[in-house]
There are 2 protein chains.
Amino acid sequence: MTLLTTLDDILRLDLPQPDAAAIEAARARQAQLTKPPGSLGRLEELAEFMAGWQGTDRPRIDRAQALVFAGNHGICAQGVNPFPQEVTALMVANFNAGGAAINQLCRVAGADLQVIALDLDQPTEDFTKTAAMSEADCLDALNRGAAAVDPDADIVILGEMGIGNSTVSAALAHAVYGGAPGDWVGRGTGSDADGMARKAEVVAQGLALHEGRSPLQMLAALGGREQAAICGAVLAARVARIPVMLDGYICTAATAPLHGANPALLDHCLIGHLSIEPGHGALCEAMGKRPILSLGMGLGEGTGAALALGILRGALACHDGMATFAEAGIGPG
Amino acid sequence: MTLLTTLDDILRLDLPQPDAAAIEAARARQAQLTKPPGSLGRLEELAEFMAGWQGTDRPRIDRAQALVFAGNHGICAQGVNPFPQEVTALMVANFNAGGAAINQLCRVAGADLQVIALDLDQPTEDFTKTAAMSEADCLDALNRGAAAVDPDADIVILGEMGIGNSTVSAALAHAVYGGAPGDWVGRGTGSDADGMARKAEVVAQGLALHEGRSPLQMLAALGGREQAAICGAVLAARVARIPVMLDGYICTAATAPLHGANPALLDHCLIGHLSIEPGHGALCEAMGKRPILSLGMGLGEGTGAALALGILRGALACHDGMATFAEAGIGPG
């Protein structure tokens, strides 16, 4: 993808469509495999989805890239999180040392993990006072996210880390989809009921200050660098027709401004896991997407996406490796 | 496990308990890992479950054994299935040739697959006319299932194949848990609404004929060889304290007689996937178990269990490989 020089460049991206002939061929193959029609459920849908984006009736995952973006947030000044911002950098160090959940899950799922810390020593501004990022800062993070995508990846797994970013996520979701601030606020990393009320109040203040902006302008006004980088990676993958597996609430909310600007920007995105954050279900519904897993997790880092990669591998292994009725000498009914 | 010589031997098995100290130690470890408490949700529960049955705070899966049992059913004479019984043997041949879904999913999940065809040329009797199996036949299949369990397995994945066995499953679930026959009947492999009505009628006839039997006697009266073999494998694993991953509706229903006889016989069992068969949710609830996955599948063969093994591997990888807060130099909040 060429560098974005304005936020509105996003609206002018050339968006290639999934390959309809490949989807049709994959569907025809599914109908011939040795199983009752439809009995692999979501696995069949996933195989056809991958066929469309990879442009082949036999999609495969040789190279799975996992990108975890980390950022810090000025909104923490409002006391929305029980953990200090230093934890973001400590967790990045933990990622780099191989000690976090995402390291283990990427190893199990066969994904190459890359962690990108975005100016952790320069938190964004407090969005209740001013825009979290200037348009230039936002574009910088978008372009860094886009540049991180390996053009040879067969799928990109996205995740994030950033103390305070569940509040940022609630603000973005509220800005794009409306409702009440409380609809989008959850416990995040250890907030109690008072903490959640505080988060909802902060979200309401942010929305009041930045009212009337477009969804993409809201990304700059409310988002953090890791949210913008996630959007950049999603866009680069979209343009290159590489499928993307989003993680949970934070990662999905990061892409809400793209969905608000043009839903087709997320056509290539799957959602790995339904978070325990209460707003995630409504967010997925607003986006018309069904998470693959629901395991009561709420950690972020890309953990739900990495686990779902295992399901996707299973889907493609069935699609590619199963015998047809003809090959197995079985009449199809 | 020593050979069962009567069905009531099942009630006299010595049932070792999970190791409470190992569970406690695993739980203490989870609290120290670099994540907010509980944020890995079901993965944390799975790690503690495995710790208890393996008797160590660091459970692992070096050897995953997948057992698929196949059988044929006299009830097919009642026209409950659109496919001929020959398909059971053809699918077993497909398993042995590596062409079925379960072959691909075992490869992805790292499970050793063993397929055990149980006298496919001798279907059980039609349970609307007489007992499907004599007690001797039932015990033979139970013992064959038990003998198949590798005592060195770290987990056993169970699956099945048998044309007609969704009707057998509905009968077993109805016999153990009551309700109406229609509560337990679904499409199985391709039945339409008329076929489902026929299945419910056949189940009602079977229950009327065999009324008043104990749950274990119902296994012989209504079940097939693959159902009894599944029970045998479950029992052998229970006695050896090896955790088990059941698959979907058919596999879960096969174990209903054990649950009806003594719920503790299934303490070591997980359920891999919530089937699209409408009775599976109620069956899981009656057993007090929550399936790990829900992907709209209804194929059987052990496919849902094999996919869930990937989740279990992720759970143990996190449990074993993550750094503690102390190791990462992060204060725990």
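Residues numbered from 1 in each chain as written. Chains lettered and ligands numbered in written order. Predicted model: local features only at pLDDT ≥ 70, side-chain atom pairs only at ≥ 80, totals over all residues. Heavy atoms only, no water.

(A) Quick look at the relation of the copies chain B and chain A. Each copy superposes on the other: chain B lies on chain A with an RMSD of 0.0 Å after a rotation of 180° and an axial shift of 0.0 Å. Interpreted geometrically, this transformation is the action of a two-fold axis. The overlap is high: 100% of the interface residues of chain B also sit at the interface in chain A, so the same surface is used on both sides. (Least-squares fit on C-alpha atoms with pLDDT ≥ 70 in both. Contact = heavy atoms within 4.5 Å.)

(B) Seen up close, the side chain of Thr252(A). Residues and elements named next belong to chain A. Looking at the element boundaries, Thr252 is found in helix α10 (residues 249-254). Owing to a relative accessible area of 0%, Thr252 belongs among the buried residues under this scheme. Those residues in contact with Thr252 that sit more than four places away from it in its chain are Leu246, Asp247, Ile271, His280, Leu283 and Met287. (Helix = DSSP H or I, 4+ residues; strand = E, 2+ residues; numbered from the N terminus. Buried < 20%, exposed > 50% of the residue type's maximum accessible area, 1.4 Å probe, protein only.)

(C) Quick peek at the interface of chain B and chain A. Counting residues at the interface gives 47 residues for chain B and 47 residues for chain A. Here chain B packs against chain A, burying approximately 3,300 Å² in sum over the two surfaces, 75% of which is carbon and sulfur. Looking only at chain B, the three residues that lose the most surface to chain A are Leu295(B), Leu299(B) and Ile330(B), adding up to 15% of its buried area. Run the count over chain B and chain A and you get zero salt bridges. (Buried area = accessible area lost by both parts, 1.4 Å probe. Salt bridge = Lys/Arg side-chain N within 4 Å of Asp/Glu carboxyl O.)

(D) Region of the structure containing the packing of aromatic side chains. Residues and elements named next belong to chain B. Taken as a whole, this structure holds four aromatic pairs over all chains when the rule is applied. Ring centres 6.4 Å apart and planes at 55° place the aromatic pair Phe49 and Trp53 in the tilted group. Residue Phe49 and its partner Trp53 are located together in helix α2 (residues 42-54), separated by four residues, close to a single helical turn. For Phe49, a relative accessible area of 18% gives the class buried. (Phe/Tyr/Trp six-rings, centres within 6.5 Å; stacked < 30°, edge-to-face > 60°.)

(E) Main features of the packing of helix α6 (residues 165-177) of chain A against helix α7 (residues 193-210) of chain A. Residue and element names in this part refer to chain A. Orientation of α6 relative to α7, taken along the N-to-C sense of each, is 50°, at an axis distance of 9 Å. Between α6 and α7, the interaxial angle falls into the category oblique. Where α6 crosses over α7, the handedness of that crossing is right-handed. Across from Ser166, Thr167, Ala170, Ala171, His174 and Ala175 in α6, the residues of α7 making contact are Lys199, Val202, Val203 and Leu207. Considered class by class, the residues forming the contact of α6 with α7 number six nonpolar, three polar and one charged. (Axes fitted to C-alpha atoms, helices over the stretch in contact; angles between N-to-C directions. Parallel < 35°, antiparallel > 145°, perpendicular 65-115°, else oblique. Left-handed = near helix turned anticlockwise from the far one by under 90°. Nonpolar A, V, L, I, M, F, W, Y, C, P; charged D, E, K, R; others polar.)

(F) Molecular detail of the pattern of salt bridges. Scanning the model with the defined rule gives 30 salt bridges over all chains in all. The partner of Arg42(A) in a salt bridge is Glu45(A), with the nearest N and O atoms 3.6 Å apart. Taken together, the residues span about one helical turn, with Arg42(A) and Glu45(A) both in helix α2 (residues 42-54) at a distance of three residues. Residues Arg60(B) and Asp62(B) are paired through a salt bridge, measuring 3.0 Å at the closest nitrogen-oxygen approach. Like Asp62(B), Arg60(B) is exposed. Put simply, Asp119(A), Asp140(A), Arg144(A) and Arg225(A) are held in one network by salt bridges that share partners.

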